[in-house]
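# Results of the structural survey
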Amino acid sequence: MKNSILSILAVVCLLSSCSNDDDSPAPSPDVVAPATYSFLRDGAKSVSYSGQTTRIVMGEEFISALKDPSKTEAQLDGMFTNTGNNFEDDVLNASSKSIRSKVAASSDFFAANATDASAIKSTFDSWIAEQVNDVYPNWGEVAVAGQSGQIQEAGGGSTRYVNNKGLELNQAINKSIIGALMTDQMLNNYLSPAVLDAGSNIEDNNAVILAEDKNYTNMEHKWDEAFGYLYGTDDQTNPQLNQDSFLNKYLSRVESDPDYAGIAQDIYDAFKLGRAAIVDNDYNVRDEQAAIIRDNVSKIIAIRSIYYLQQGKLSRISGDNGSAFHDLSEGFGFIYSLQFTRRSDSNAPYFSKGEVDNFISQLMAGNGFWDVTEGTLDTISQNIADRFDLSVTEAGS
Amino acid sequence: MEMIKRLLLLVFTVSALYTCSESDDNNSGSSSDNFDRQLMLTNWADNIIIPALQDLSSDLSVLITDKDAFITSPDDASLNQLRVSWLKAYKTWQYVEMFNIGKAEEILYGFQMNVYPTNINDIQANINADSYDLSNVNNHDAVGFPAVDYMICGLRATDQEILNAYSSEPNFEDNTSYLSALINQMDALTMTVLNDWTTSYRDVFVNSTANTATSATNKLTNDFVFYYEKGLRANKFGIPAGVFSSSPLKTKVEAFYNKDVSKMLSLSALDAVQDFFNGVAYNSTATGESFSAYLQYLNTINSDASLNEIINTTFNIAQTKIEGLDANLARQVETDNTKMLEAYDALQDAVVLLKVDMIQSMNISIDYVDADGD
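Here's a quick rundown of the structure. (Residues numbered from 1 in each chain as written. Chains lettered and ligands numbered in written order. Predicted model: local features only at pLDDT ≥ 70, side-chain atom pairs only at ≥ 80, totals over all residues.)

## As for the overall build of chain B
When its secondary structure is counted, chain B shows 14 helices and zero strands. Going from the N terminus to the C terminus, chain B shows its helices and strands as α-α-α-α-α-α-α-α-α-α-α-α-α-α. Sorting the 374 residues of chain B into buried and exposed places 44% on the buried side. Restricting to contacts in chain B with at least 6 residues of sequence separation, those with at least 24 account for 75%. (Helix = DSSP H or I, 4+ residues; strand = E, 2+ residues; numbered from the N terminus. Buried ≥ 20, exposed ≤ 12 C-beta atoms within 10 Å, placed from the backbone. Contact = placed C-beta atoms within 7 Å.)

Rendered as structure tokens:
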């Protein structure tokens, strides 16, 4: 409900400030979104986001491989960078895309910040190295504080493989990719005017000048690429959700929490309307929809951060460290992703890199998850809830 | 049609409860009725929980005796006797599993006694190892009744080969010592839980009458509903019947290796649930305060339909469905899984009645979450 009010306010505010851009024509009276995300030109599809689908599929193979102790660091790095034909799927090996090249690579956040971009990519590299050099060798050992190994969830549950601080690195990497790749590319790159309006995109879109040998304008394509990072392996015209291990899955999770039901439709509607606005040359409506998407996708990251910290806390209290470490490791990844969220009203994330690094330090202090206190988990949860205007109780269950 | 009127009244009451009560995770606060919760707690502790634990303890002593006899001279007779005393203890266990409170909760007693399916690889790794810590969380699926089931019924393909595994095979001592360690551990854990009840916890328990999330009343009520939903409905029926997976999983029934006792054990469990609901004393027909009495008391205030009768009827229907199944539930899954699903559905009918209607009318909150598992 709150989000609808925000959206309405956003729309009212944006509508009431007139566009000063002489290049854009007078806005068409009412942009109408189609029933589904389906757009044609001369009877043929104009929507395309194969590069995004490819990276999601690469991501799936990569995070599976992180749990294979027979892999070498070179092989895992090779999947992350897509070099050396390290994927099982040769179609992926033949692709020109890679995950690493788009990690911390958005125009708005990193075009002028190669320092942070490089540090973030290196962090991923170091997690891969640690998984291979520290966790794989102790795969068959029982984990204890200060030593990596395996730990089973109580009651015969799944077995988790953790580092010396109880961090399940494959989970940390998985959930961090959601922020550093999907979220960052969507919110801070493809939905940004810096990308949508780059070069002659506006004039081309107005004049319906298509990209070479393609059935879309550049602007249309950029918007589709944002769409592709969320729906890349889902049904474009009838999203099923939970069709990948990344953003699509966690949109599904948040949607099924009664406190947030409706978020999936809000996002899909904004994508449809924004894309229709581009066809109609209405860039105000387009940007309004971008703001809605930024709001809602950022919220997913925040909600899941709180959720996993709270669930991890409960497992800890009941004496089940295996489940606790698993939940907290997922929380770790979502917290790492907070630095890639985007306020709809500014050029900043909800939490800076420095603030996120601080959260991580708190979680990993001493023996990490073996030691972390309920107080710390609650304080961090409350900090995130306050920044996003959420309720820990609602997000935490 | 009194029944229909009552059902309609129940439906309206439930709807009213849904619309009027907020879904808040915080506790409900002070109890708004004058039901004597201490009478209920006392009946639970003195007439049900402690007697059941005492019975289990003595059954496990017999199991140890029969195990020692088997180890001394393994033959068909001693193997059979071992299986008999294992089954007796397992049936008694069905009356104990739901009480995950106090010492039992602290040491994860239930997880150390009855996690199934058991993990054969972990068991074999332990047998081969120089040492093992049976209480380590990694071994929850390699200990307890299900592990013993494997050791005495599933270790080899035939009974003669099982006997060989404990007598003539090379390294047979490893099998013997693991079997012995398992059973000794079950007995030791049970002694720990029982002693805690009889020395100090009983008094703490019967005085913990407050309506707070950590009071014994609320915790045990939650334990009861959780056991019904997970321990009975899901573990014994839902999971093997494939309700939570893409296809049935017949190897996940309780007592899989013994083959013929899974239905029997589930009927004991349902019996335990219904007796506890009605406040029936362990191994007796005497009845005291429990949920049924509480709901009847609330009926006099709220003039509700008699929820306690509806719940009992639901239990009875489920019992009939289960009785019509194959004694070997794995074989039932294989030959006609629809009947397993029908038994599951019959059990499911009581979940809403317990988890929503009963709990809300007693002004208690559910304290567990159905985790989605990643």
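The structure having been displayed, the exposition proceeds.
## Considering the pairing of strand β4 (residues 159-162) of chain A
Residues and elements named next belong to chain A. With four bridges joining them, strand β3 (residues 149-152) and β4 adopt antiparallel strand pairing. When the sheet's bridge partners are listed, glutamine 152 is paired in β4 with threonine 159. Counted along the chain from β3 to the antiparallel partner β4, the turn is six residues long, and its residue glycine 155 has a positive phi close to 75°. (Pairing = 2+ DSSP bridges.)

## Remarks on unusual backbone geometry
Most peptide bonds take the trans configuration, and most residues that are not glycine carry a negative phi. In the segment running from B:Tyr116 into B:Pro117, the intervening peptide bond is cis, with an omega of 0°. You can see B:Pro117 is positioned in the loop between α5 (109-113) and α6 (120-128). One non-glycine residue, A:Asp389, lies in positive phi territory at about 60°. For A:Asp389, the position within the fold is in the loop between α16 (374-388) and α17 (392-395). One non-glycine residue with positive phi stands out, namely B:Leu108, at about 55°. When you line up the elements, B:Leu108 lands in the loop between α4 (103-106) and α5.

## Observations concerning the packing of helix α14 (residues 321-337) of chain A against helix α15 (residues 353-364) of chain A
Residues and elements named next belong to chain A. The N-to-C vectors of α14 and α15 enclose an angle of 160°; their axes lie 9 Å apart at closest approach. Taken together, the axes of α14 and α15 are roughly antiparallel relative to one another. For the crossing formed where α14 meets α15, the hand is left-handed. Along the contact surface, α14 presents Phe332, Ile335 and Tyr336, while α15 presents Val356, Phe359, Ile360 and Leu363. Split into classes, the residues belonging to the contact of α14 with α15 amount to seven nonpolar, no polar and no charged. (Axes fitted to C-alpha atoms, helices over the stretch in contact; angles between N-to-C directions. Parallel < 35°, antiparallel > 145°, perpendicular 65-115°, else oblique. Left-handed = near helix turned anticlockwise from the far one by under 90°. Nonpolar A, V, L, I, M, F, W, Y, C, P; charged D, E, K, R; others polar.)

## Observations concerning helix α9 (residues 172-207) of chain B
Note on helix geometry: an α-helix contains 3.6 residues per turn, so any two residues three or four positions apart are oriented the same way. With 36 residues, α9(B) extends 51 Å from end C-alpha to end C-alpha; this agrees with the ideal 52 Å at 1.5 Å per step. At B:Tyr201, α9(B) shows its maximal kink, close to 70°. (Expected span 1.5 Å × (residues − 1). Bend = angle between axes of the 7 residues up to and from the residue.)

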